[in-house]
Amino acid sequence: MSEQQPPPPSPLHFFETVNAYQRSAAIRAAIELNVFTAVGEGHASVEELARRCAASERGMRILCDYLVLHDFLTKDAGRYGLTPDSAVFLDRRSPAYMGGAIEFLLSPTITEGFKDMTNVVRRGGTTLAGDGTVSQENPVWVSFARAMAPMMQMPAQLMAQMLDGPRDRKLKILDVAAGHGVFGIAFAREFPRAEIVALDWPKVLEVAQENALQAGVGERYRTLAGSAFEVEYGEGYDLILLTNFLHHFDPPTCETLLRKVHAALGDGGRAVTLEFVPDEDRVSPPVAAAFSLTMLASTPAGDAYTFAELEQMFRNAGFARSRIQPLPPAIQHVIVSGK
């Protein structure tokens, strides 16, 4: 029995990659035109969708067929339907709607960093002005806070639920770089006696405060404005949340911050970190490994760190132990570090 031969070389992978920008453009257009919502409402033909979305029939046909090719829509006898993912995440009527995330993920600040990747690689960091996305009070984080909250609801809830111990105990929690505030809010909901302190830039905290009030935890939610590296945290915290923050900086800068975190924790306190964590080979799992490129394009020195690298940073900052655990179905990992 002969061994199966590998397929012959093909230019297809190169062609698809070079044209990948078209997928971003198409999904943005579909969201802005409310195509997924219209299909969910039952507008299934090209003619119906063109009327509902105020678009040409030719444009709607070509866009929807393209979305079928990339598994965002289905097509049967000339009528379109939603895939399960699109029904949950791209129909505006869904409570899990995430389409608004394009306002951050496809914002000029984010996409501009990828336009001169040759020089980004030569330089070893972003070519964006100043310090890129980590420049002081960068307005992109207000966009982030408003656009990304729906995408973070699930991991925030899972993180809060994974914390052991009785739910009625008092907790003092600091949420570093709180952004939309979703993570601190999730802990406030899970622990009715928890007091949350949200730290971020002033304009960003306005969004977090709005979300806390809407979630009914405003009385236990206060804000601390300023840089996470400069503002005084206070002390005696039971938990300090570090969600999607460390990857923006190099290890020495992370360790400087973690020393502040360590000093602000009370006895038995823990830091709870959410990160994209690639394996030691740095090419798996794909989403976590690929996140390094995002940091290369948008920050001077950020990266997606392996658990061994993160563990070493926490150890150097004085933490006694760290453990990692997955957070399925979310694509990130949680690292819990004990004082």
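Residues numbered from 1 in each chain as written. Predicted model: local features only at pLDDT ≥ 70, side-chain atom pairs only at ≥ 80, totals over all residues. Heavy atoms only, no water.

A.B. asks: Whenever I open this one, the overall build of the protein confuses me. Can you help?
C.D. replies: Looking only at helices and strands, one finds 15 helices and 9 strands in the protein. Taken over C-alpha atoms, the radius of gyration comes to 22 Å for the protein, in line with the 20 Å a tight globule of 339 residues would show. By residue count, 46% of the 339 residues in the protein fall in the buried class. Once local pairs closer than 6 in sequence are excluded, the contacts in the protein between residues at least 24 apart make up 67%. (Helix = DSSP H or I, 4+ residues; strand = E, 2+ residues; numbered from the N terminus. Rg over C-alpha atoms; globule rule 2.2 N^0.38 Å. Buried < 20%, exposed > 50% of the residue type's maximum accessible area, 1.4 Å probe, protein only. Contact = heavy atoms within 4.5 Å.)

A.B. asks: Would you mind going over the pairing of strand E8 (residues 321–326) with me for this structure?
C.D. replies: A regular strand places its side chains so that they alternate between the two faces of the sheet. Where E8 lies against strand E9 (residues 333–338), 6 bridges are found, and the strand directions are antiparallel. Note on E9: the bridge partner recorded for serine 322 is serine 337. Turn length for the E8-E9 hairpin, with the two strands adjacent in sequence and antiparallel, is 6 residues. (Pairing = 2+ DSSP bridges.)

A.B. asks: Explain the nonpolar core here, please?
C.D. replies: Soluble globular proteins tend to pack their nonpolar side chains together in the buried interior. Grouped together as the largest cluster of nonpolar side chains are 33 residues, with contacts concentrated most on Met159, Ile173, Phe183, Phe187, Tyr221 and Val334. Listed by contribution, the elements that provide at least two residues to this core are helix H10 (140–162), strand E3 (171–176), helix H11 (182–190), strand E4 (194–200), helix H12 (202–214), strand E6 (237–243), strand E7 (265–275) and E9. In terms of residue count, the dominant contributor to this core is H11 (6 residues). Setting aside its immediate chain neighbours within four residues, methionine 159 contacts Phe183, Phe187, Thr243, Val272, Leu274, Leu327 and Val334. Leu174, Leu199, Tyr305 and Phe314 belong to the second largest nonpolar core, which has 30 residues in total. (Core = buried A, V, L, I, M, F, W, Y, C linked by side-chain atoms within 4.5 Å.)

A.B. asks: Would you mind showing me how to read the pairing of E6 here?
C.D. replies: For E6, the buried fraction is high: 6 of the 7 residues fall into the buried class. Looking at chain direction, E3 and E6 are connected through 4 bridges and run parallel. Bridge pairing in E6 places aspartate 175 opposite leucine 241. Summarising the sheet, E6 and E7 pair through 6 bridges and their orientation is parallel. Counted as the bridge partner of tyrosine 237 is leucine 265 from E7. As for the winding sense of the linkage, the β-α-β connection from E6 through helix H13 (residues 251–264) to E7 is right-handed. (Right-handed = clockwise from strand over helix to strand, strands pointing away.)

A.B. asks: Where do I start with the pattern of salt bridges in this structure?
C.D. replies: In a structure, side chains of opposite charge can pair up when their charged atoms sit close to one another. Summed over the entire model, instances satisfying the criterion amount to 14 salt bridges. Arginine 52 is the partner of glutamate 41 in a salt bridge, and the nearest nitrogen-oxygen pair spans 2.8 Å. Taken together, the residues glutamate 41 in the loop between helix H3 (35–40) and helix H4 (46–53) and arginine 52 in helix H4 connect sequence positions 11 residues apart. Taking relative accessible area as the criterion, glutamate 41 reaches 37% and is therefore assigned partly exposed. Between aspartate 164 and arginine 270 there is a salt bridge whose closest N-O contact spans 3.4 Å. Within this pair, whereas aspartate 164 is found in the loop between H10 and E3, its partner arginine 270 is found in strand E7, the two being separated by 106 residues in sequence. By relative accessible area, which is 19% here, arginine 270 ends up buried. A cluster of three or more residues bridged by salt bridges with shared partners is formed by Arg282, Asp303 and Glu309. (Salt bridge = Lys/Arg side-chain N within 4 Å of Asp/Glu carboxyl O.)

A.B. asks: Help me understand the sheet that holds E8 in this model?
C.D. replies: Sheets are built from strands that pair by backbone hydrogen bonding, the pairs being arranged parallel or antiparallel. Within the open sheet, the 7 strands sit side by side as E5-E4-E3-E6-E7-E9-E8. Their pairing is mixed. The open sheet is flanked by strand E5 (221–225) and E8, the only strands paired with a single partner. Going across the sheet, the axis of each strand differs from the next one's by a mean of 20 degrees, ignoring polarity. The strands touched by H12 within the sheet are E4 and E5, with E5 carrying the most contacts at an inclination of about 175 degrees. (Axes fitted to C-alpha atoms, helices over the stretch in contact; angles between N-to-C directions.)

Read these as spatial facts, not as claims about activity.
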